[in-house]
Amino acid sequence: MFNDIVEVQALTSPTKYNLVITKVDLNLNIVNVKAPSGFMNIYQEGAEYIVKFKCSNWPIRVCHYAISLLDESKLSPLLNPTLREVCKQPIPVLSWFNKNIERNAEQMQAIQRILGQTACPSPYLVFGPPGTGKTAAIVEAISQISKILKKKVLVCTPSNAAADEITKRLLPNIEEELICRLNSQSRDSYIFIDEAGQATQPQILIPLGLTRLYEDVKCPQLVLSGDPKQLGPVVKTKIGQHLLGESMLERIFNISKLYQKDKDGKYNSNILTKLVKNYRNHETILRVPNQLFYDNELESCGGKEIFRAESWSKLPKKKFPIIFHAIHGIEKKLEGSTSAYNQLEAEIVVNYVIELLGKKISDHEIEETDIGIVSPFKSQGGIIKKALEKKGWNKISVGTVEIFQGQERDIIIVSTVRSVLFQNDGKFHIGFLSHEKRFNVTITRAKSLLIVVGNPKVLQISACWRKFIEYCLENEACLGEKFTLSDLSQDEKLKMMENKAGESLTLEVFFKRLNLGKAD
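Definitions and limits used
Residues numbered from 1 in each chain as written. Predicted model: local features only at pLDDT ≥ 70, side-chain atom pairs only at ≥ 80, totals over all residues. Heavy atoms only, no water. Helix = DSSP H or I, 4+ residues; strand = E, 2+ residues; numbered from the N terminus. Rg over C-alpha atoms; globule rule 2.2 N^0.38 Å. Buried < 20%, exposed > 50% of the residue type's maximum accessible area, 1.4 Å probe, protein only. Contact = heavy atoms within 4.5 Å. Lys, Arg positive; Asp, Glu negative; His and termini not counted. Charge placed at Lys NZ, Arg CZ, Asp CG, Glu CD. Polar contact = N/O pair within 3.5 Å; in protein donor to acceptor, adjacent residues only side chain to side chain. Core = buried A, V, L, I, M, F, W, Y, C linked by side-chain atoms within 4.5 Å. Expected span 1.5 Å × (residues − 1). Pairing = 2+ DSSP bridges. Axes fitted to C-alpha atoms, helices over the stretch in contact; angles between N-to-C directions. Phe/Tyr/Trp six-rings, centres within 6.5 Å; stacked < 30°, edge-to-face > 60°. Patch = residues over 30% accessible without salt bridge, like charges linked within 9 Å, V, L, I, M, F, W, Y side chains within 5 Å. Areas by Shrake-Rupley, 256 points an atom, 1.4 Å probe, with all protein chains shown as cover. Salt bridge = Lys/Arg side-chain N within 4 Å of Asp/Glu carboxyl O.

J.: What's the story with the overall build of the protein in this structure? I'm lost.
T.: Counting its secondary structure elements, the protein contains 19 helices and 23 strands. Taken against the 2.2 N^0.38 rule, which gives 24 Å for 520 residues, the C-alpha radius of gyration of the protein at 25 Å falls within 12% of a compact globule. Overall, the protein is about 70 × 70 × 50 Å in size when its C-alpha atoms are taken along their principal axes. Going through the 520 residues of the protein one by one, you find that 50% of them count as buried. In the protein, 75% of the contacts between residues at least 6 apart in sequence involve partners at least 24 apart. Considering the protein, the positive charge centre built from 68 side chains and the negative charge centre built from 59 side chains are found 2 Å apart.

Here you go:
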């Protein structure tokens, strides 16, 4: 990561030098470093060196410290919610900072109950599917606490970008000098954790440990905002996946009866609000995730910008801004990489960008910043990004599903890459593309136009992808190679497992096919 240390030592010398990482390009597996003059004086191109990456262990140490505070801090009510027969009353709000809140009953419900601490000492969950205004509700609640209750708030997020977004939205509502203050241990404290589904449970404990909940100190109202149906914490080791891969938000949501629907199909509004008004996606883009993950309760409420692609000339079906482009390309590996690429899919993605950029859709001329390209594989993203840069297009976002979580673009182009099957315990699957949460995040990044490029015969093995492809077929939204969906025979599946062979693609060959000249 940026500012981490790389220790370098020549094979012929005992001297070690510390180089500082200045840039990391995950798509192309390139790390830029700043080296001291002493190292530059002895550096020889082609010589062999011992290289050690010395990552900071500070985040892990803080998590360990937070865990050590569990017993003395009396955090059990927050970590293991219990049913309360009597709840505090919600506090009414007479004037809203964000006037749009007045038109959203679920957001108003969540804010008024957060103010009244109706869930305390249990966490209050703001269950927000994609584009439903989770952050808007959290910002409004924080602003109202400051205005009505005059109390202090600790706001935490698992990323700098999320914290920046909260701060930016709070500045118009709260005096600037109040935003950086921390609450005294002797007073009530509210703790908000936005995008809580992406934080590990030890990370959540860090702000809780700061409150030092001794017997003479009141329990704060913890508010967890996020979506347990989207990707959870990123854990880079399989050893710790079972411990750290599930967020506290998901654990509480799944195992505690308090946060489940009652016999009438409703949540207890004193401890959870599910936001259902979606302001991001065109209804057709939202429909499959809505059916699969959100009990068909989401309502598409976006402005006119989500409808702008309905009349695009390349759509197979007008008013249906989705394309599934079927292509039976071959999945391979770049030289020296374990990540997969698919040459034909990459070419199709670039061609769609050519068709879109600079063209008018409705009253809007498509710009680079309107387009996002998502692929589950870094190699695919890397060659697509390089091809776009060759064209002079540097502002188009290209990245993995994890990178795009929490983001949105008017137009999303997805390259699924996968053309082979895998088998475990007698069951065939398509690897991590089978992950339901990854599918959900991938599909819901697009506001007005979604284009998916992939191999239908392979993708259909996943229940989610099969439903999406069936949806496109039913609505005559498919382009590319002709296909029908049918259950594959055992022999067909085994043959698809053998398609891994084939020469590796060089970047030079790829760029030549795209008429982009010689590779750098």
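J.: Sorry if this is basic, but what is going on with the side chain of Gln-405 here?
T.: Secondary-structure assignment places Gln-405 in the loop between α14 (401-404) and β19 (409-415). Gln-405 gets classed as buried once you look at its relative accessible area, which sits at 12%. A polar atom in the side chain of Gln-405 sits 2.9 Å from the backbone oxygen of Leu-231. If sequence neighbours within four positions are ignored, Gln-405 has contacts with Gln-198, Gln-230, Leu-231, Val-441 and Arg-445.

J.: What exactly am I supposed to notice about the nonpolar core here?
T.: If you look at soluble globular proteins, the nonpolar side chains tend to sit buried side by side. In terms of nonpolar packing, the biggest core is built from 91 residues, with Ile-114, Phe-192, Leu-224, Phe-324, Leu-450 and Phe-468 touching the most fellow members. Grouped together as the second largest cluster of nonpolar side chains are 29 residues, Leu-315, Ala-346, Ile-383 and Leu-388 included.

J.: Even after reading the chapter, I still don't get the environment of Leu-79, so can you show me in this structure?
T.: Inspection of the secondary structure assignment puts Leu-79 in helix α4 (residues 76-79). Residue classification places Leu-79 among the buried positions, given a relative accessible area of 14%. For the pair Leu-79 and Met-248, spaced 169 residues apart in the sequence, the C-alpha separation amounts to 8.0 Å. Residue contacts for Leu-79: discarding those within four places in its chain leaves Leu-70, Leu-205, Met-248 and Arg-251.

J.: Which parts of the structure should I look at to understand helix α12 (residues 343-356)?
T.: Residues three or four positions apart in an α-helix share a direction because the helix packs 3.6 residues into each turn. In this model, α12 (14 residues) spans 20 Å end to end at C-alpha, consistent with the 20 Å of a helix rising 1.5 Å per residue. Where burial is concerned, most of α12 is hidden: ten out of the 14 residues are buried. Every buried residue of α12 is accounted for by Gln-343, Glu-345, Ala-346, Glu-347, Ile-348, Val-349, Val-350, Tyr-352, Val-353 and Leu-356. Trailing α12 by a residue or two, Gly-358 shows a phi angle of about 80 degrees, which is positive.

J.: Looking at this structure, how should I read the sheet that holds strand β22 (residues 446-454)?
T.: Within a sheet, adjacent strands bond to each other through the backbone by hydrogen bonds, running parallel or antiparallel. Pairing is parallel in the open sheet, where six strands are placed in the order β18-β17-β19-β22-β12-β23. In the strand order of this sheet, the two ends are held by β18 (397-399) and β23 (478-480), each with one partner. Across this sheet, the average inter-strand angle for adjacent strands is 20 degrees, counted without regard to direction. In terms of strand pairing, β19 meets β22 through six bridges, oriented parallel.

J.: For this particular structure, what's the right way to read the packing of aromatic side chains?
T.: Both the distance between ring centres and the angle between the ring planes are used here to describe each pair of aromatic rings. Under the criterion given, the structure shown has 15 aromatic pairs. For the pair Phe-377 and Phe-432, a centre-to-centre distance of 5.2 Å together with 70 degrees between the ring planes defines the contact as edge-to-face. Note that Phe-377 is positioned in the loop between β17 (371-374) and α13 (378-390) and Phe-432 in the loop between β21 (427-429) and α15 (436-443), a separation of 55 residues in sequence. Residue classification places Phe-377 among the buried positions, given a relative accessible area of 8%. Ring plane angle 90 degrees and centroid distance 6.0 Å describe the contact between Trp-465 and Phe-468, whose orientation is recorded as edge-to-face.

J.: Is there a simple way to explain unusual backbone geometry in this structure?
T.: Apart from glycine, the bulk of residues carry a negative phi angle, and the bulk of peptide bonds sit in the trans form. Each neighbour pair has its own omega, and for Cys-120 with Pro-121 the value is 10 degrees, a cis peptide bond. Among the structural elements, Pro-121 can be located in the loop between α5 (105-116) and β5 (124-127). Within the chain, Lys-150 stands out as a residue other than glycine whose phi angle is a positive 55 degrees. With respect to the helices and strands, the residue Lys-150 is situated in the loop between α6 (134-149) and β6 (153-156). We classify Lys-150 as exposed; its relative accessible area is 56%. Of note in this structure, Asp-295 is not a glycine but carries a positive phi near 55 degrees. Assignment of secondary structure puts Asp-295 in the loop between α11 (283-293) and β11 (299-300). Taking relative accessible area as the criterion, Asp-295 reaches 48% and is therefore assigned partly exposed.

J.: Got a minute to help me understand a nonpolar patch on the surface in this structure?
T.: On the surface, a cluster of nonpolar side chains totalling about 390 Å² of accessible area is made up of Val-24, Val-31, Val-33, Val-51 and Phe-53. For the nonpolar patch, the secondary-structure elements that each account for two or more residues are β3 (30-34) and β4 (49-54). With respect to the element layout, Val-31 can be found in strand β3.

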